[in-house]
Amino acid sequence: MYIRSEVDGYVGILTLCHAEKRNALSRALVGELLEAMDAMAAARVRVLILTAGVGSKVWSAGHDIHELPLGEDPLLYSDPLEQLLRGVRHFPAPVIAMVSGSVWGGATDLVLSCDIAIGDDTCSFALTPVNLGLPYNTAGTLNFMRRLPLNIAKEMLFTARSVSPHEAEEWHILNHRVDASELRAFTLDIAHGIASKAPLAVAALKEQFRMLADSAPLQPGIFERIQELRHRVFKSRDYVEGIDAFKEKRAPVFRGE
């Protein structure tokens, strides 16, 4: 079991509990999480909290690197992580990320896909595709651009460095930063406050936000050019080197080819 489920009134709580794999977003974990989200939707919870629990060292290590394919697009529309990100955005109630510990790669995309993010002083965030030579997909890049100031999104993606709790609060990755001893109670207080409001109105507002944020279309030529750029990256030797280096626990040597 990778996910623990609980319901507190009208608030659903899903806890990642695969600590031995640092809650990596593998096919198995994501599949279980999506099933749990469907069950929460069927139970008509009015708010959903995603967490790894208070005091966790790693909220999630992101995409399971061992499941990334070589020589083909690693982040297809059908990829389990992409399905999860869409599931969070389309969930029929607000989703709150409650964050203790470090958040890496695709897991940062997951937190940024939630409607509200609340963290403690142990949380940190990193966007790491350049560490692997990984061509990030258009949907994810657009999410970063819409969720963060453009210069912040660029810095996080270009450098792949870990963003501190103070920076995460200043850069509006987090709605609130609180002491670890207060994290669960503070998050539940906000969740129950939302759950006390008219649920149809809240659900309609969430869907309006989602549709309006997604309303700017990409011109076909732009999309095709992006796909061409990404194809060059995932067919490159650098991408193979990045994955190999990660698996071998060494620093990659990128040659731009």
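Residues numbered from 1 in each chain as written. Predicted model: local features only at pLDDT ≥ 70, side-chain atom pairs only at ≥ 80, totals over all residues. Heavy atoms only, no water.

A. How the structure looks around the side chain of Arg210. One can find Arg210 in helix H9 (residues 199–213). With a relative accessible area of 17%, Arg210 lands in the buried category. When sequence neighbours within four positions are dropped, the list of residues in contact with Arg210 reads Arg89 and His90. (Helix = DSSP H or I, 4+ residues; strand = E, 2+ residues; numbered from the N terminus. Buried < 20%, exposed > 50% of the residue type's maximum accessible area, 1.4 Å probe, protein only. Contact = heavy atoms within 4.5 Å.)

B. Molecular detail of the pattern of salt bridges. All told, the structure shown has 14 salt bridges when counted by the stated rule. Taking the shortest distance from any N to any O, the salt bridge between Lys206 and Asp115 comes out at 3.0 Å. Remark: Asp115 occurs in the loop between helix H3 (106–113) and strand S7 (116–119) and Lys206 occurs in helix H9; sequence separation between them is 91 residues. Taking the relative accessible area as the measure of exposure, Asp115 reaches 35% and is therefore partly exposed. Put simply, Glu169 and Arg177 hold a salt bridge, and the shortest N to O gap is 3.1 Å. What makes Arg177 partly exposed here is its relative accessible area of 29%. (Salt bridge = Lys/Arg side-chain N within 4 Å of Asp/Glu carboxyl O.)

C. Main features of the pairing of strand S3 (residues 47–51). Within S3, five of the five residues are buried, which leaves the element mostly enclosed by the surrounding structure. On S3, burial covers both faces: Val47, Ile49 and Thr51 on one face and Leu48 and Leu50 on the other are all buried. One ladder, built from five bridges, connects strand S2 (residues 11–16) with S3; its direction is parallel. The residue bridging Leu14 from the neighbouring strand is Leu50, located in S3. Running through helix H1 (residues 27–42), the crossover from S2 to the neighbouring parallel element S3 is right-handed. As judged from the four bridges shared by S3 and strand S5 (residues 95–99), these two strands associate in the parallel manner. The residue of S5 that forms the bridge with Leu50 is Ala97. (Pairing = 2+ DSSP bridges. Right-handed = clockwise from strand over helix to strand, strands pointing away.)

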